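Working through the structure, step by step
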Amino acid sequence: MGAFAALGQARPVAAKGAVRQAARAMASAADSAVTIDLGENVFDGYNIDVPSSKVTMSREDLVGLYREMQVVRRLEMAADSSYKHKLIRGFCHLCTGQEAVPIGVESALTKQDAVITAYRCHGFTYMRGASPFGILAELMGRKDGVSKGKGGSMHMYAPGFYGGNGIVGAQVPLGAGIAFAQKYRGEAACTVALYGDGAANQGQVFEAYNMAKLWDLPVLFVCENNKYGMGTAASRAAANTDYYTRGQYIPGIRVNGMDVLAVRQAVAYAREYAIANGPIVLEMKTYRYGGHSMSDPGTTYRTREEVQHMRSTSDPITGYKHRLLDNGVATEDELKAIDKAAKKSIDEELAKAKAIPEPAAAELWDDVYVKGAGVPYLRGRVPEETHYFN
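Residues numbered from 1 in each chain as written. Predicted model: local features only at pLDDT ≥ 70, side-chain atom pairs only at ≥ 80, totals over all residues. Heavy atoms only, no water.

For the protein, an unreviewed UniProt entry supplies the name Pyruvate dehydrogenase E1 component subunit alpha and the organism Coemansia biformis. Heading Cofactor (unreviewed entry) of the UniProt record for the protein holds this comment: "thiamine diphosphate". In the Catalytic activity (unreviewed entry) part of its UniProt record, the protein is described as follows: "N(6)-[(R)-lipoyl]-L-lysyl-[protein] + pyruvate + H(+) = N(6)-[(R)-S(8)-acetyldihydrolipoyl]-L-lysyl-[protein] + CO2". (UniProt positions renumbered as here; feature names shortened; annotations may be inferred.)

A separate point is the overall build of the protein. On a plain count of helices and strands, the protein comes out with twelve helices and twelve strands. Its C-alpha radius of gyration of 21 Å places the protein within 12% of the 21 Å reference for a compact globule of 390 residues. The long-range fraction of contacts in the protein, counting pairs at least 24 apart against all pairs at least 6 apart in sequence, stands at 73%. Approximately 17600 Å² of the protein is accessible, and the part contributed by carbon and sulfur atoms is 52%. (Helix = DSSP H or I, 4+ residues; strand = E, 2+ residues; numbered from the N terminus. Rg over C-alpha atoms; globule rule 2.2 N^0.38 Å. Contact = heavy atoms within 4.5 Å. Areas by Shrake-Rupley, 256 points an atom, 1.4 Å probe, with all protein chains shown as cover.)

When the UniProt feature table is mapped onto this chain numbering, "domain: Dehydrogenase E1 component" (unreviewed entry) sits at residues 67–360. Between the end C-alpha atoms of residues 67–360 there is a gap of 36 Å, over a span that is 45% helix and 11% strand.

Moving on: the pattern of salt bridges. Inspection of the entire model under this criterion finds 20 salt bridges. Among the ionic pairs, Arg-271 bridges to Asp-113, the shortest N-O distance being 2.7 Å. With Arg-271 in helix 9 (residues 260–277) and Asp-113 in the loop between helix 3 (100–107) and strand 4 (114–116), this residue pair connects regions lying 158 residues apart in the sequence. Pair check on accessibility: Arg-271 and Asp-113 agree, each one buried. One salt-bridge network, in which partners are shared between bridges, spans Asp-44, Asp-242 and Arg-254. (Salt bridge = Lys/Arg side-chain N within 4 Å of Asp/Glu carboxyl O. Buried < 20%, exposed > 50% of the residue type's maximum accessible area, 1.4 Å probe, protein only.)

With that out of the way, let us pick up the pairing of strand 6 (residues 219–225). Most of strand 6 sits inside the fold, with seven of its seven residues counted as buried. Of the two faces of strand 6, the one holding Val-219, Phe-221, Cys-223 and Asn-225 and the one holding Leu-220, Val-222 and Glu-224 are both buried throughout. Strand direction decides the pairing type here: strand 5 (residues 191–196) and strand 6, joined by six bridges, are parallel. The residue of strand 6 that forms the bridge with Gly-196 is Glu-224. In this fold, strand 5 hands off to helix 7 (residues 203–214), which returns the chain to strand 6; that crossover is right-handed. (Pairing = 2+ DSSP bridges. Right-handed = clockwise from strand over helix to strand, strands pointing away.)

This paragraph deals with helix 9. Given a rise of 1.5 Å per residue, 18 residues ought to cover 26 Å, and the 25 Å separating the end C-alpha atoms of helix 9 matches this to within 8%. The element helix 9 is extensively covered by neighbouring structure, given that 14 of its 18 residues are classed as buried. The opening residue of helix 9, the one whose side-chain oxygen lies 3.0 Å from the backbone nitrogen of Leu-261, is Asp-259. Taken from the residues just after helix 9, Gly-278 is the one with a positive phi, measuring 125°. (Expected span 1.5 Å × (residues − 1). Polar contact = N/O pair within 3.5 Å; in protein donor to acceptor, adjacent residues only side chain to side chain.)

A word on the confidence of the model for the protein. When pLDDT drops low, the exact placement of atoms in the prediction is not to be read closely. In this model, the protein carries an average pLDDT of 92, and 92% of its residues clear a pLDDT of 70 or more. Here residues 1–15 is modelled with pLDDT under 50, and outside its nearest four sequence neighbours on either side it reaches 38 contacts, counting other chains as well. A low-confidence stretch, residues 23–30 (pLDDT under 50), is modelled with 13 contacts involving residues beyond four sequence positions or located in other chains. (pLDDT = per-residue confidence, 0-100.)

Attention shifts here to the packing of aromatic side chains. Going through the model one piece at a time under the given rule, you end up with eight aromatic pairs. Between Phe-180 and Tyr-184, the aromatic rings sit 6.1 Å apart at their centres with planes inclined by 25°, giving stacked as the arrangement. One end of the pair is Phe-180 and the other is Tyr-184, both in helix 6 (residues 171–184) and four residues apart, which spans about a single turn. Taking relative accessible area as the criterion, Phe-180 reaches 37% and is therefore assigned partly exposed. Both rings, one in Tyr-377 and one in Tyr-388, keep their centres 5.7 Å apart while their planes meet at 50°; by these two values the pair is tilted. Placement of the pair is Tyr-377 in strand 11 (residues 377–378) and Tyr-388 in strand 12 (residues 387–388), with a sequence separation of eleven residues. What makes Tyr-377 partly exposed here is its relative accessible area of 38%. Ring pairs connect the aromatic residues Phe-180, Tyr-184 and Trp-215, which therefore count as one cluster. It is Lys-352 that lies over the ring of Phe-133; its NZ or CZ is 5.3 Å from the centre. (Phe/Tyr/Trp six-rings, centres within 6.5 Å; stacked < 30°, edge-to-face > 60°. Lys NZ or Arg CZ within 6 Å of the ring centre and 35° of its normal.)

Attention now goes to the nonpolar core. The biggest cluster of nonpolar side chains holds 78 residues, and the ones touching the most others in it are Leu-62, Leu-220, Leu-261, Val-267 and Tyr-320. When neighbours within four sequence positions are excluded, Leu-261 is seen to be in contact with Ile-36, Leu-38, Val-55, Met-57, Leu-62, Leu-65, Tyr-320 and Arg-323. Residues Ala-193, Ala-199, Leu-217 and Tyr-243 belong to the second largest nonpolar core, which totals 23 residues. (Core = buried A, V, L, I, M, F, W, Y, C linked by side-chain atoms within 4.5 Å.)

The buried fraction of helix 5 (residues 132–139) amounts to eight of the eight residues, a majority that puts the element mostly inside the structure. For helix 5, the set of buried residues is Pro-132, Phe-133, Gly-134, Ile-135, Leu-136, Ala-137, Glu-138 and Leu-139. Those residues of helix 5 hidden inside the fold are in contact with helix 2 (59–84), helix 4 (122–127) and helix 12 (332–354). Positioned one or two residues after helix 5, Gly-141 has a phi angle of 70°, which is positive.

Strand pairing in a sheet relies on backbone hydrogen bonds, with the paired strands running either antiparallel or parallel. The six strands lie next to each other as 2-9-10-6-5-4, forming an open sheet whose pairing is mixed. The strands lining the two open edges of the sheet, one partner per strand, are strand 2 (43–46) and strand 4. Pairs of neighbouring strands in the sheet enclose a mean axial angle of 20°, with direction left out of account. (Axes fitted to C-alpha atoms, helices over the stretch in contact; angles between N-to-C directions.)

What follows is the structure, given as structure tokens:
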């Protein structure tokens, strides 16, 4: 397996608020470690050994992954409902079905690591430390949102999280730049730069690969392959759909992105590799249940039967629930309590977010430039709209 097969323990999964309380009944067993075999074919390697298929974690951390996936699922369901009730307007891209990726990625990182992604970013924003209230308020354009109501679905930020980026593929070279800064400062940290299969053919992705390899930057290039770039199947857009091999001179690993433990194991392995050796490409094979965005019904380029098949056979939460039950990590009643607590928590956060007003019109000019930067004015569409700061 090579030097990177034996992984140290990644950081414990952070628990959040009232949702954590549903798992307190298991506290007496939390210290006992559980080893779970992920089975065969969860990883494929390209010019690198693959991680071990055996994962050892505490019961508390194993249950924590389930809890966080439930919170993100409920968060996206609340966003879906709010959009349909016209409380959220404009672009809105949900990760329902892909929850194993943000939860698995974050559980393998430290707070010194950085994450940057595209516009399907709500789960990553939450896992980097933003509250469901702040995310929902931002989606509705309220002043207490994570971006003060000015960013919306695609432009959310948190400590160590650089967005939420609306330009397809543009976050990939930015991620290489963040990794350059980490190496320049001598930090034992990495950057995870995520993009979708639809962005994987962008020239700037390959330019970032080249620069990262030239300088051996500690960056994980992570392709979330959910099979469709907007409404186009990957096989119709890419001559090579083995995205983990497309770094050529950069090693890669393909991961079952519907398995949160496989994602966690792969990212922990890749993190250790990248800090010591330089870039690596990961491909997360995953699936979104909804359309590309809320304006896309998601059924014109695939069948309802395909979506239902994926829900019934590969759902990341249902599959993980069975794994916890089969390994005696938790009981059905304990997991049901977590489900109910997640729903209650998100319902409460949504109600709070709805009660917050939009930012005042006078705040439109704030946060464009750093205060004290000496910029005298901000141009409008026409001269009459020019805003003078002094």
